[in-house]
Amino acid sequence: QVQLVESGGGLVQTGGSLRLSCAASGRTFSRYAMAWFRQAPGKEREFVAAIRWSGGSTFYADSVKGRFTISRDNAKNTVYLQMNSLKPEDTAVYYCAGDPSGSYYVDTLYNYWGQGTQVTVSS
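Procedures and definitions
- Residues numbered from 1 in each chain as written.
- Predicted model: local features only at pLDDT ≥ 70, side-chain atom pairs only at ≥ 80, totals over all residues.
- Heavy atoms only, no water.
- Helix = DSSP H or I, 4+ residues; strand = E, 2+ residues; numbered from the N terminus.
- Rg over C-alpha atoms; globule rule 2.2 N^0.38 Å.
- Contact = heavy atoms within 4.5 Å.
- Areas by Shrake-Rupley, 256 points an atom, 1.4 Å probe, with all protein chains shown as cover.
- Lys, Arg positive; Asp, Glu negative; His and termini not counted.
- Charge placed at Lys NZ, Arg CZ, Asp CG, Glu CD.
- Phe/Tyr/Trp six-rings, centres within 6.5 Å; stacked < 30°, edge-to-face > 60°.
- Buried < 20%, exposed > 50% of the residue type's maximum accessible area, 1.4 Å probe, protein only.
- Lys NZ or Arg CZ within 6 Å of the ring centre and 35° of its normal.
- Polar contact = N/O pair within 3.5 Å; in protein donor to acceptor, adjacent residues only side chain to side chain.

Whenever I open this one, the overall build of the protein confuses me. Can you help?
Tallying secondary structure elements over the protein gives 0 helices and 11 strands in all. Secondary structure elements of the protein occur, N-terminal to C-terminal, as β-β-β-β-β-β-β-β-β-β-β. Taking 123 residues into account, the globule formula puts the C-alpha radius of gyration at 14 Å, and the protein, at 13 Å, falls close to it. For the protein, the spread of C-alpha atoms along the principal axes amounts to about 40 × 25 × 25 Å. In the protein, the share of contacts with a sequence separation of at least 24, taken over all contacts with a separation of at least 6, comes to 56%. Carbon and sulfur atoms make up 46% of the accessible area of the protein, which totals about 6,300 Å². Within the protein, the 9 negative side-chain charges are centred at a point lying 7 Å from the centre of the 12 positive side-chain charges.

Next up, the structure:
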């Protein structure tokens, strides 16, 4: 079993930055691809970014490409999401997810989820 705990959310002004962290328990963390999803009020959960187990390949939604960076430190069992140039439309609850059984872009294929952390970007 793997437990995921997100942190780092908060309130930031447009153009600001935040770094989210997702700490994982479990010895097999380094074997899993990891991802970040987000869900805004009244909207469906959407893919943000993913990273392979080795960290060698990353994937991004078009809406965040060039602004967000996903990374991982397998020695610390932690995955990060550096968010720069934040916009009001980035406001959402951000979820960490791990161990997809198929496409990295589909939330229902992930086996492990964190509880979420709120990110609010004021205009």
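Let's pick the thread back up.
Explain the packing of aromatic side chains to me, please; I cannot follow it from the model alone.
Given two aromatic rings, their pairing is described by the distance between the two centres and the angle made by the two planes. One pass over the full model with this rule turns up 9 aromatic pairs. With a centroid separation of 4.5 Å and an interplanar angle of 55°, the aromatic rings of Phe 47 and Tyr 105 are classed as tilted. Here Phe 47, found in strand S5 (residues 46-51), pairs with Tyr 105, found in the loop between strand S9 (92-100) and strand S10 (110-113); they are 58 residues apart in sequence, far enough to count as distant. Its relative accessible area of 46% is what places Tyr 105 among the partly exposed residues. Taken together, a centroid distance of 5.2 Å and an interplanar angle of 75° make the contact between Phe 59 and Tyr 104 edge-to-face. Residue Phe 59 is located in strand S6 (residues 58-60), and its partner Tyr 104 is located in the loop between S9 and S10; the two are separated by 45 residues in the primary sequence. Ring pairs connect the aromatic residues Phe 37, Phe 47, Phe 59, Tyr 95, Tyr 104, Tyr 105, Tyr 110 and Trp 113, which therefore count as one cluster. It is Arg 45 that lies over the ring of Trp 113; its NZ or CZ is 3.8 Å from the centre.

Would you explain the side chain of Thr 78 in this entry?
On the secondary structure map, Thr 78 appears in strand S8 (residues 78-83). A distance of 2.8 Å separates the side chain of Thr 78 from the backbone oxygen of Lys 76, its partner in a polar contact. With near-sequence residues (within four places) excluded, Thr 78 lies in contact with Ser 21, Cys 22, Ala 23, Phe 29, Arg 72 and Asp 73.

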